[in-house]
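Residue-level listing of the chains:
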Amino acid sequence: TNTWTSSTTGTNYLYAYDTTTQTVAVADIYQDVTFDTNAQLNGWTHTAGTAGFTVGTTGLYLVTVDTSVLQTGAGSKFAEIRAVLNGTEIAGSQFSRDTKNKTGVMTTTFLLNATANDVLKIQLSGETTNVQIAGDGTAPATVVKPSIKLTIIRIN
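Since this is a predicted model, take the numbers as computed values, not measurements.

Trainee: Help me understand the overall build of the protein chain, please; the structure alone is not making it clear to me.
Mentor: A count of helices and strands for the protein chain gives 0 helices and 14 strands. Starting at the N terminus, the α and β elements of the protein chain follow one another as β-β-β-β-β-β-β-β-β-β-β-β-β-β. Per-residue burial over the protein chain gives 38% buried out of 156 residues. In the form shown here, the protein chain has an accessible surface area of approximately 7700 Å², with 50% of it arising from carbon and sulfur atoms.

Trainee: Is there a simple way to think about the confidence of the model for the protein chain in this case?
Mentor: Regions with low pLDDT should not have their predicted coordinates read in detail. Per-residue confidence for the protein chain averages 87 on the pLDDT scale, and 83% of its residues sit at or above 70. Confidence drops under a pLDDT of 50 for residues 1-6, and excluding neighbours within four residues, the segment shows 1 contact in the predicted structure.

Trainee: Looking at this structure, how should I read the nonpolar core?
Mentor: General note: in soluble globular proteins, nonpolar side chains tend to be found buried as a group. The biggest cluster of nonpolar side chains holds 30 residues, and the ones touching the most others in it are Val65, Leu112, Ile122 and Leu150. Elements that contribute at least two residues to this core include exactly strand S1 (13-18), strand S6 (53-55), strand S7 (59-71), strand S8 (78-85), strand S11 (104-114), strand S12 (119-126), strand S13 (131-133) and strand S14 (148-154).

Trainee: How should I be thinking about the packing of aromatic side chains in this particular structure?
Mentor: Aromatic ring pairs are described here by two measures, namely the spacing of the ring centres and the angle between the planes. Inspection of the entire model under this criterion finds 3 aromatic pairs. On the numbers, 5.2 Å between centres and 75° between planes, the contact of Phe35 with Phe53 is edge-to-face. Residue Phe35 is located in the loop between strand S3 (31-32) and strand S4 (37-42), and its partner Phe53 is located in strand S6; the two are separated by 18 residues in the primary sequence. Each member of the pair, Phe35 as well as Phe53, carries the same accessibility label: buried. A centroid spacing of 5.2 Å and a plane angle of 75° characterise the contact between Trp44 and Tyr61, whose relative ring orientation is edge-to-face. Of this pair, Trp44 sits in strand S5 (residues 44-45) while Tyr61 sits in strand S7, placing them 17 residues apart in sequence. With a relative accessible area of 0%, Tyr61 lands in the buried category.

Trainee: Where do I start with the side chain of Gln132 in this structure?
Mentor: Here Gln132 is to be found in strand S13. Its relative accessible area of 12% is what places Gln132 among the buried residues. The contacts of Gln132, once residues within four sequence positions are left out, are Thr21, Gln22, Thr23, Ser68, Val69, Leu70 and Thr72.

Trainee: Looking at this structure, I do not really get the pairing of S12. What am I missing?
Mentor: Consecutive side chains along a regular strand alternate between the two faces of the sheet. Among the 8 residues in S12, 6 count as buried, and that is most of the element. Note that S3 and S12 share 2 bridges and pair antiparallel. Within S12, the residue paired with Gln31 across the bridge is Leu124. Relative to S12, S6 is paired through 2 bridges, and the arrangement is antiparallel. Across the sheet, Thr54 pairs through a bridge with Val119, a residue of S12. Pairing geometry for S8 and S12, over 7 bridges, is antiparallel. Bridging across to S12, Ala83 finds its partner in Ile122.

What counts and what doesn't
- Residues numbered from 1 in each chain as written.
- Predicted model: local features only at pLDDT ≥ 70, side-chain atom pairs only at ≥ 80, totals over all residues.
- Heavy atoms only, no water.
- Helix = DSSP H or I, 4+ residues; strand = E, 2+ residues; numbered from the N terminus.
- Buried < 20%, exposed > 50% of the residue type's maximum accessible area, 1.4 Å probe, protein only.
- Areas by Shrake-Rupley, 256 points an atom, 1.4 Å probe, with all protein chains shown as cover.
- pLDDT = per-residue confidence, 0-100.
- Contact = heavy atoms within 4.5 Å.
- Core = buried A, V, L, I, M, F, W, Y, C linked by side-chain atoms within 4.5 Å.
- Phe/Tyr/Trp six-rings, centres within 6.5 Å; stacked < 30°, edge-to-face > 60°.
- Pairing = 2+ DSSP bridges.

If you want it as structure tokens, here you go:
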């Protein structure tokens, strides 16, 4: 019998999202993605409207990033998302998508070994400045339309 146990005590997790459109400022250069809403924040610190999430407790974390990308001009343009810890790319966190003149969903999940006071950021890049992350424009006006969501749970 396999038994899964965790040393966590229900702390050290976060769920944050952003509802704004964020456009690539300079082609092929990563830029920080900001998050305007801290829906759940426990054991981490983050100021709404900024990019950096500060780790409260050293541990192993499960991280999921979910975003909606699109392009505003013609042709196929790649969008890329990655995570950085203290400014260094986290191996295995980068993912990309060809936007092909339409909205597309990009999701990645990875494990993060982090030390207290480390700073995690999500970054966006694109082949041109026509690439952006944006909420679903077809949803009813009363529905929150996140352009990017970040979920982190401490697993050890």
